[in-house]
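Residues per chain, in single letters:
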Amino acid sequence: MEMTKEILIEYCELRQEAADLRLRIERDQRRLSEMQEKGYVVSDTVKGTRKDGTIGHIKITGFPEPAYEDTKAMLKKRIAKLEIIESDLLAAVNKVDDYIAAIPKSKLRMIFRFYYLDDLTWTQVAIKMNERFPGKRIKYTEDSCRKQHDRYLEKVK
């Protein structure tokens, strides 16, 4: 299997999609809980004949069963989709790990691991690299880590 930077891009996109789906699932779960706990009631006013036989406005209230069931169905679909994405994400992590393992220089492998697998920012990557190599004369910076990363990807095109 050819190792390309597309593997890294796909991994990052899958990770973001999974995070987005988790937020949506949490929001749907909150909505369902609120409906259940608060005895969520909807009401509407219609014109018609009242119980006493007079004609006028009547207030109708009730539990929004269709909205509740729709939200429940959507939640179920999203959870199923998240399981699929997390399975794909696990496969992608393995590909990314193989890609990083194929990088010839140890320091570059560490930069890639911190950035992709540990999901650190470039500033955090620089801090980690400086912790690992405290005796380095010229300290790692956000820009130096990012540039080493970018140069490597350009080189392997």
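Residues numbered from 1 in each chain as written. Predicted model: local features only at pLDDT ≥ 70, side-chain atom pairs only at ≥ 80, totals over all residues. Heavy atoms only, no water.

Engineer: It is not clear to me how the overall build of the chain should be interpreted in this structure. Could you clarify?
Structural biologist: Assigned secondary structure in the chain consists of 5 helices and 2 strands. The globule rule puts the C-alpha radius of gyration for 157 residues at 15 Å, and the 27 Å found for the chain is more than 25% above it. Dimensions of the chain, computed from C-alpha atoms along their principal axes, come out at roughly 90 × 35 × 25 Å. Looking at the chain residue by residue over its 157 residues, the buried ones come to 27%. (Helix = DSSP H or I, 4+ residues; strand = E, 2+ residues; numbered from the N terminus. Rg over C-alpha atoms; globule rule 2.2 N^0.38 Å. Buried < 20%, exposed > 50% of the residue type's maximum accessible area, 1.4 Å probe, protein only.)

Engineer: Got a minute to help me understand the packing of aromatic side chains in this structure?
Structural biologist: Tallying each qualifying case throughout the model produces 6 aromatic pairs. Aromatic side chains Phe133 and Tyr140 sit 6.3 Å apart centroid to centroid with 45 degrees between the ring planes, which places their arrangement in the tilted category. Phe133 gets classed as partly exposed once you look at its relative accessible area, which sits at 22%. Residue Tyr140 is classed as buried on the basis of its relative accessible area, which comes to 5%. Linked through ring pairs, Tyr99, Phe112, Tyr115, Tyr116, Trp122 and Tyr152 together constitute an aromatic cluster. Taking NZ or CZ as reference, Lys107 lies 4.6 Å from the ring centre of Phe133, over its face. It is Lys136 that lies over the ring of Tyr140; its NZ or CZ is 4.5 Å from the centre. (Phe/Tyr/Trp six-rings, centres within 6.5 Å; stacked < 30°, edge-to-face > 60°. Lys NZ or Arg CZ within 6 Å of the ring centre and 35° of its normal.)

Engineer: I'm lost on a negative patch on the surface in this one. Help?
Structural biologist: The grouping of Glu6, Glu10, Glu13, Glu17 and Asp88 at the surface amounts to a negative patch. When residues in the negative patch are grouped by element, the largest group, 4 residues, is from helix H1 (residues 5-37). (Patch = residues over 30% accessible without salt bridge, like charges linked within 9 Å, V, L, I, M, F, W, Y side chains within 5 Å. Areas by Shrake-Rupley, 256 points an atom, 1.4 Å probe, with all protein chains shown as cover. Salt bridge = Lys/Arg side-chain N within 4 Å of Asp/Glu carboxyl O. Lys, Arg positive; Asp, Glu negative; His and termini not counted. Charge placed at Lys NZ, Arg CZ, Asp CG, Glu CD.)

Engineer: For this particular structure, what's the right way to read helix H2 (residues 65-101)?
Structural biologist: One turn of the α-helix equals 3.6 residues, which is why residues spaced by three or four share an orientation. With 37 residues, H2 should cover 54 Å at 1.5 Å per step; its first-to-last C-alpha distance of 53 Å lies within 8% of that length. Listed in full, the buried residues belonging to H2 are Tyr68, Thr71, Leu75, Arg78, Leu82, Ile85, Leu89, Ala92, Val96, Tyr99 and Ile100. Of the surrounding elements, those touching the buried residues of H2 are H1, helix H3 (106-117) and helix H5 (142-155). (Expected span 1.5 Å × (residues − 1). Contact = heavy atoms within 4.5 Å.)

Engineer: Help me understand the environment of Arg24, please; the structure alone is not making it clear to me.
Structural biologist: Among the secondary structure elements, Arg24 is positioned in helix H1. A sequence separation of 22 residues divides Arg24 from Val46, and the C-alpha atoms of the two residues are 34 Å apart.

Engineer: What is the right way to read the state of the cysteines from this model?
Structural biologist: As used here, a disulfide is simply a covalent bond connecting the sulfur atoms of two cysteines. Across all of its chains, the model carries 0 disulfides by this definition. In this structure Cys12 is not part of a disulfide, and its nearest cysteine sulfur, from Cys145, lies 16 Å away. Judged by its relative accessible area of 0%, Cys145 is buried. (Disulfide = S-S within 2.5 Å.)

Any functional reading would require information that these geometric values do not contain.
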